[in-house]
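Observations on the three-dimensional arrangement
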2 protein chains.
Amino acid sequence: MKQNKTKIEIVISEIEQQIKNRSLMPGARLPSVRKLANDLGFSVSTVVEAYERLIALGKIESRTGSGFYIVGPLAPLSLSELGPKLDRSVDPLWISRQSLEAKADVFKPGCGWLPDDWMPLDSIRKALRSAARSPDDCLMGYSTPLGLPALRDLLARRAQSKGINANLNQVLLTDSGTQAIDLVCRFLLKPNDVVLIDDPCYFNFHALLKVHQVKVIGIPYTPTGPDLEAFKKAVETYNPRLYITNSGIHNPTGAVLSLSTAHQLLKLIEQSNLIVVEDDIFSDFEYSPAPRLAALDNLSRVIFIGSFSKTLSASIRCGYIIAKPEWIDQLTDLKIATSFSHNGVSAEVLLSALTDGSYRKHIELLKVRLAKAMHDTITQLEPMGIKPWIKPQAGIFVWCHLPKGVEASEIAKYCINHQVILAPGNAFSQASNAGQFIRFNVTQSNHDHIYETLADAIQQES
Amino acid sequence: MKQNKTKIEIVISEIEQQIKNRSLMPGARLPSVRKLANDLGFSVSTVVEAYERLIALGKIESRTGSGFYIVGPLAPLSLSELGPKLDRSVDPLWISRQSLEAKADVFKPGCGWLPDDWMPLDSIRKALRSAARSPDDCLMGYSTPLGLPALRDLLARRAQSKGINANLNQVLLTDSGTQAIDLVCRFLLKPNDVVLIDDPCYFNFHALLKVHQVKVIGIPYTPTGPDLEAFKKAVETYNPRLYITNSGIHNPTGAVLSLSTAHQLLKLIEQSNLIVVEDDIFSDFEYSPAPRLAALDNLSRVIFIGSFSKTLSASIRCGYIIAKPEWIDQLTDLKIATSFSHNGVSAEVLLSALTDGSYRKHIELLKVRLAKAMHDTITQLEPMGIKPWIKPQAGIFVWCHLPKGVEASEIAKYCINHQVILAPGNAFSQASNAGQFIRFNVTQSNHDHIYETLADAIQQES
């Protein structure tokens, strides 16, 4: 009896193994009882019993007169199953969802956006009222494939002011900056390609690249840009396809690419197969413009991406891609196939808000406010032993080193139970020392409760 | 000399072949001149000459002191190169782009949307003014991951009225119906999976599925739904993963799924590994509701999709997915990773327009107008020998058979040169007789110029 049971288990585990490694796909027919018994040298009753148990387990099914089949459907693509399991408190998607789902009474120094009252509310309200008076076709029809010409022209001019030589036919509107990067990834990547990212980098890049099932290599980010030695080595070792980076102000470190690093970097890129996505999302917060890879490279291998989520509205979504004309044409086909069109009314609203004369003033005031918030946040953190990695020249983030022996994910766990959502370093980087860092959004950090909770968390930890 | 030239050509074509079949990937190092000469039994000078010519052709490059490398980058994903080349006049993407790019003075009986003045303009203008008065966080912040609860609740109730048992936590807002289907495809499909579609079907399904690099099998659509014999055979032969269909009113045929066919179809589906995407986009044009697969199946294997592009606005974009809770959770992760959020203000605007009390009246008037346009279009077409495949009970499309010997793509080519954009059958179907059909949008067909041009085209052709 014991031996017989073991044989049944052998059959079961063999079939489970084949289902797992996909040599038996859902819907596949199993060998007949007689054949399998023969092949294994087991009795027919052993195999019958094994099949019965697999039916009871819901793994196979019997179809009358036809035999036994692997039960479908396939488990659908689960982001949480693609790649190593992460502790939910440092899983990028979980942090995004926590921040997005958080109630108004929760403090969010870990989130990536500005408080509503830092945003140009009056200008957006005015732009919506103006959109309500738009011509019929603007309100009702699908947009043209590239999108509102006047907005594309403005975006091309803004790019030109950063030295990027583009015209409106090289600008493609999308529904968000993230969608823009996703479209480029769909255009360029296939599974198992290698993609270089900054380490640390914006955490949603990790989530997005997981969807594309590519291999991700992090390049340490220095105060003047990516580490060139590491970059060179990665290019030589992995023949990577894409490099995704922030320009202007780097997320999460607040560092700025130096002209010399940009030049060296492009020399390496020109000798490789790399294409670069330069995400310019924080650019309007700059005091003095940092070099843009797209400008140096003249949009040859660099694709320039932007959006208005940080400066106009995160709810009226619109992003854009600036690239060479033949790529724009192909990306437009891809955009139509996967989303048919974008939100044309949003484009109208954002164009109004950008051109009503108040935008520049809004940004100037915002920068003053940001500088103060940066100073205040650092001043509050330093006495707690939480030290900025660098003092950012601009932007909304400061990337901070925790006191020795304190682990960011533990702090984040404690804080989330006390109504404070943090962004622990592990979400931005898979480097072994990432847990020593936390990113603070200075615009969301002006509350005593945050620092009190942090102090409690650190005390608990150390 | 002659022989030597041939050897050079042998080397060149061998390397070109290896690049083509990807055994030499971009960035890969070529064998050294000496090694290759040795391996092939050719002289070193032959290989040097071959490498020089490959450099001149731009296929390989020399890196000083390091050797020869295959030039990158890889050609990016081009939709036009995935799959057989289509005549541009029947290429689904080209038709979409032509229609989307068409100037106001072009007639578009081939497009898939209603004229602006058939749409609820006043209601949308009012809703935009109302959005301008929204609370700050609605205008500025990212939406919650699933989206506006009040709109999701309304959508769940609307689904319930069709017999679909869903609550608001099973509704995920997206930026469009197309994006919703694309998300589901990303969730479920991998390259080379088999997907069943109706034949004919909405042409953008072809373009979208091309992006997913799946194998597409068309199931002939009958006046009461998909051909069950063909469906059964496809299920048995291909073990397909997904079936994408329209519910309510089928695009392009205007046919309606019968309850009996729906029941038989689901029995086949339940015995297979299929998951179904039911795209409900035209549902508000129905007089009496057709059966919904999602209702019969109780959202077990059916995912229900919808949007407002046809009844509220194609420019204020918002779509939705209704599915079982565990799938909604995974789809939400995927949505965050690939687009971070959706347009929250659009959700507010559409909710206002749906609930301001005028929507039902708008739809009732629209249906009367549609019935008249359907009658008028058919009355104009029939004397020209252009006969409806069936007389649709509702909706905006009539699928018509051309006179014998007349080819839709030829007619479409003639007409586009005369300011009329048609939708030839070949864009909806790869069946051999597809060129005998044209889809007419009855709301865009009330112009003598269309019928005069059609008559000229037919005369030229026959």
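Residues numbered from 1 in each chain as written. Chains lettered and ligands numbered in written order. Predicted model: local features only at pLDDT ≥ 70, side-chain atom pairs only at ≥ 80, totals over all residues. Heavy atoms only, no water.

With respect to the interface of chain B and chain A
What counts, and what does not: Note on definitions: a residue-residue contact is assigned when non-hydrogen atoms from the two residues lie within 4.5 Å. Note: buried area is the sum, over both parts, of the accessible area (probe 1.4 Å) each one loses when the two are combined. For this document, the term salt bridge refers to a Lys or Arg side-chain nitrogen within 4 Å of an Asp or Glu carboxyl oxygen. The term polar contact refers here to a pair of N or O atoms within 3.5 Å; inside protein, the definition further demands a hydrogen-donor-capable atom paired with an acceptor-capable atom, and it admits residues adjacent in sequence only when both atoms are side-chain atoms. Helix numbers and strand numbers start at the N terminus; a helix is a DSSP run of H or I with at least 4 residues, a strand a run of E with at least 2. Note on residue categories: nonpolar means Ala, Val, Leu, Ile, Met, Phe, Trp, Tyr, Cys or Pro, charged means Asp, Glu, Lys or Arg, and polar means any other residue, Gly included.
Facing the 92 residues of chain B at the interface are 91 residues of chain A. For chain B, the biggest contributors to the area lost against chain A are Leu100, Met140 and Tyr142 of chain B; these three give 11% of the whole. Linking chain B with chain A are four salt bridges. Across the pair arginine 125 of chain B and aspartate 136 of chain A runs a salt bridge, and its minimum N-O distance is 2.7 Å. Scanning the region where chain B abuts chain A turns up 33 residue pairs in polar contact (both at pLDDT 80 or more). Tallying contributions element by element places helix 13 (residues 325-339) of chain B first for the side of chain B that touches chain A, with ten residues. Residues that form the side of chain B that touches chain A fall into these classes: 42 nonpolar, 28 polar and 22 charged.

Here we look at the sheet that holds strand 3 (residues 171-174) of chain B
The strands making up a sheet are joined through hydrogen bonds of the backbone, oriented either antiparallel or parallel. Residue and element names in this part refer to chain B. Let me state the cut-off plainly: Here, any two strands with at least 2 DSSP bridges between them count as paired.
Spatially, the eight strands line up as an open sheet ordered 3-10-9-8-7-4-5-6, and their pairing is mixed. Each edge of the sheet is formed by a strand with only one pairing partner; in this case those strands are strand 3 and strand 6 (225-226). Strand direction decides the pairing type here: strand 8 (residues 275-279) and strand 9 (residues 302-307), joined by four bridges, are parallel. When the sheet's bridge partners are listed, aspartate 279 is paired in strand 9 with isoleucine 305.

Some remarks on the relation of the copies chain B and chain A
For clarity, the cut-off: Only residues with pLDDT of at least 70 in both copies contribute their C-alpha atoms to the least-squares superposition of the copies.
In the superposition of chain B on chain A (RMSD 0.2 Å, axial shift 0.0 Å), the rotation amounts to 180°. Given the turn and translation reported, the copies of this chain are related as if by a two-fold rotation axis. Ranked by how close their C-alpha atoms come to the rotation axis, the residues of chain B are headed by arginine 129 of chain B, at 2.7 Å. A high fraction, 99%, of the interface residues of chain B reappear at the interface in chain A, so the copies pair face to face through one surface.

Observations regarding the environment of glycine 225 of chain B
All names here are of chain B. This is how the line gets drawn: Remark: exposure states derive from per-residue accessible area (1.4 Å probe, protein chains only) relative to the maximum for the residue type, with buried under 20%, exposed over 50%, and partly exposed in between.
Among the structural elements, glycine 225 can be located in strand 6. Assessed through its relative accessible area of 0%, glycine 225 is described here as buried. Setting aside chain neighbours within four positions, we find glycine 225 in contact with Pro220, Val256, Leu257 and Thr261.

What to know about the sheet that holds strand 10 (residues 319-322) of chain A
Residue and element names in this part refer to chain A. Spelled out, the test is: Angular values range over 0 to 180 degrees, each being the angle between N-to-C directions of two axes fitted as lines to C-alpha atoms, with helices fitted over their stretch in contact.
Pairing in this open sheet of eight strands is mixed, and the strands run 3-10-9-8-7-4-5-6 from one edge to the other. Of all the strands in the sheet, just strand 3 (171-174) and strand 6 (225-226) have a single pairing partner and so form its edges. Relative to the sheet, helix 13 (residues 325-339) contacts strand 3, strand 8 (275-279), strand 9 (302-307) and strand 10, its axis offset from that of strand 3 by approximately 20°.

Some words on helix 2 (residues 33-40) of chain B
All names here are of chain B. What counts, and what does not: This arc is built from the directions going out from the helix axis to the C-beta atoms.
Every buried residue of helix 2 is listed here: Val33, Leu36 and Ala37. Relative to the axis of helix 2, the buried residues are bounded by an arc of 100° and lie together on one face. Exposed side chains of helix 2 directed beyond 90 degrees from the buried face belong to Arg34, Asn38 and Asp39. Taken from the residues just after helix 2, glycine 41 is the one with a positive phi, measuring 70°.

A few points about the domain arrangement of chain A
Defined as follows: Note that the domain bounds were set by an automatic or database domain assignment.
Here chain A is described as being made up of domain 1 (7-70), domain 2 (80-117 + 359-461) and domain 3 (120-356). Placing a centre on the C-alpha atoms of domain 1 of chain A and another on those of domain 3 of chain A gives a separation of 51 Å.

Here's the deal with unusual backbone geometry
Residue proline 200 of chain A follows aspartate 199 of chain A across a cis peptide bond; omega there is 5°. Within the secondary structure, proline 200 of chain A sits in the loop between strand 4 (194-199) and helix 9 (203-211). Positive phi, normally seen in glycine, also occurs at asparagine 239 of chain A, with a value near 45°. By the element assignment, asparagine 239 of chain A lies in the loop between helix 10 (228-238) and strand 7 (242-246). What makes asparagine 239 of chain A partly exposed here is its relative accessible area of 31%. Of note in this structure, asparagine 298 of chain B is not a glycine but carries a positive phi near 60°. By the secondary structure assignment, asparagine 298 of chain B is in the loop between helix 12 (293-297) and strand 9. Under the relative-accessibility criterion, asparagine 298 of chain B is labelled partly exposed at 48%.

Remarks on the packing of aromatic side chains
Residues and elements named next belong to chain B. How we decide: Aromatic pairs are defined between Phe, Tyr and Trp rings, using the six-membered ring for Trp, whenever the two ring centres lie within 6.5 Å; interplanar angles under 30 degrees are classed as stacked, those over 60 as edge-to-face, and all others as tilted.
All chains considered together, the criterion is met by 25 aromatic pairs over all chains. A centroid spacing of 6.2 Å and a plane angle of 75° characterise the contact between phenylalanine 187 and tryptophan 327, whose relative ring orientation is edge-to-face. Of this pair, phenylalanine 187 sits in helix 8 (residues 177-188) while tryptophan 327 sits in helix 13, placing them 140 residues apart in sequence. Looking at tryptophan 327, the relative accessible area reads 8%, which means it is buried. Taken together, a centroid distance of 6.5 Å and an interplanar angle of 35° make the contact between phenylalanine 282 and phenylalanine 285 tilted. The two residues phenylalanine 282 and phenylalanine 285 agree in class, both being buried.

Details of the pairing of strand 8 of chain A
All names here are of chain A. Inclusion rule: Think of it like this: strands point away, you trace from the first strand over the helix to the second, and a clockwise trace means the crossover is right-handed.
Most of strand 8 sits out of view: five of its five residues are buried. Along strand 8, one buried face is formed by Ile275, Val277 and Asp279 and the opposite face, lined by Val276 and Glu278, is buried too. As defined by bridge partners, strand 7 adjoins strand 8 across five bridges and the pair is classed as parallel. Within strand 8, the residue paired with threonine 245 across the bridge is glutamate 278. Chirality of the crossover, the property in question, places the unit of strand 7, helix 11 (residues 259-270) and strand 8 among those that are right-handed.

Details of the state of the cysteines
To be explicit about the condition: Cysteine sulfur atoms that pair up within 2.5 Å are treated as a disulfide.
Summed over all chains, the structure comprises zero disulfides over all chains. Looking at the unpaired cysteine 318 of chain A, the closest cysteine sulfur is the one in cysteine 138 of chain A, lying at 14 Å.

Describing the side chain of threonine 338 of chain A
The residue threonine 338 of chain A is located in helix 13 in this model. Look at threonine 338 of chain A and you get buried, because its relative accessible area is 3%. Among the polar contacts listed, one links the side chain of threonine 338 of chain A to the backbone oxygen of leucine 334 of chain A, at a separation of 2.8 Å. The residues contacting threonine 338 of chain A, other than those within four sequence positions of it, are Leu183 and Arg186 of chain A together with Thr178, Gln179, Asp182, Leu208 and Val211 of chain B.

Observations regarding the layout of surface pockets
Heads up, the rule is: Cavities and pockets are defined on a 1 Å grid built over the protein atoms alone: a cavity is a set of grid points where a 1.4 Å probe fits but cannot escape, while a pocket is an open set with protein on both sides within 12 Å along at least five of seven lines, and lining residues are those with an atom within 4 Å of any such point. Grid points are joined across faces, edges and corners, and a volume is the space filled by probe spheres set on the points.
Here the second largest pocket defines a volume of roughly 1100 Å³. Breaking the lining of the second largest pocket down by element, the ones donating at least two residues are helix 6 (136-140) and helix 14 (344-355) of chain A together with helix 4 (92-101) and helix 15 (359-381) of chain B. Residue composition of the lining of the second largest pocket, grouped by class: 17 nonpolar, 14 polar and nine charged.

Focus on the pattern of salt bridges
Pairing between side chains of opposite charge can happen when their charged atoms approach one another. Residues and elements named next belong to chain A. Per the stated rule, a full pass over the model turns up 30 salt bridges over all chains. As a salt-bridge pair, glutamate 410 and lysine 413 come within 3.6 Å of each other at their nearest N and O atoms. Highlighted residues: glutamate 410 and lysine 413, both in helix 16 (residues 408-416), separated by three residues, approximately one helical turn. Salt bridges sharing common partners tie together Lys162, Asp280, Glu286 and Arg292.

Regarding the packing of helix 10 (residues 228-238) of chain B against helix 11 (residues 259-270) of chain B
Residue and element names in this part refer to chain B. We apply this condition: If an angle is under 35 degrees, it is roughly parallel; if it is over 145, roughly antiparallel; if it lies from 65 to 115, roughly perpendicular; otherwise it is oblique.
Two numbers describe how helix 10 lies on helix 11: the axes approach to 10 Å, and their chain directions differ by 10°. Viewed along their axes, helix 10 and helix 11 adopt a mutual orientation that is roughly parallel. Only Thr261, Gln264, Leu265, Leu268 and Ile269 of helix 11 make contact with helix 10, whose side of the interface consists of Leu228, Phe231 and Lys232. Considered class by class, the residues forming the contact of helix 10 with helix 11 number five nonpolar, two polar and one charged.

Considering the environment of leucine 30 of chain A
All names here are of chain A. By the element assignment, leucine 30 lies in the loop between helix 1 (2-20) and helix 2 (33-40). Once the C-alpha coordinates of leucine 30 and serine 134 are considered, the two residues, 104 residues apart in sequence, prove to be 63 Å apart. Setting aside anything within four residues of it in sequence, one finds leucine 30 in contact with Ile15, Leu24, Tyr51, Ile60, Phe68, Tyr69 and Ile70.

So, helix 16 of chain A
All of the buried residues along helix 16 of chain A are Ala408, Ser409, Ile411, Ala412, Tyr414 and Cys415 of chain A. Tucked into the core, helix 16 of chain A has its buried residues touching strand 13 (423-424), strand 14 (437-441) and helix 17 (448-461) of chain A.

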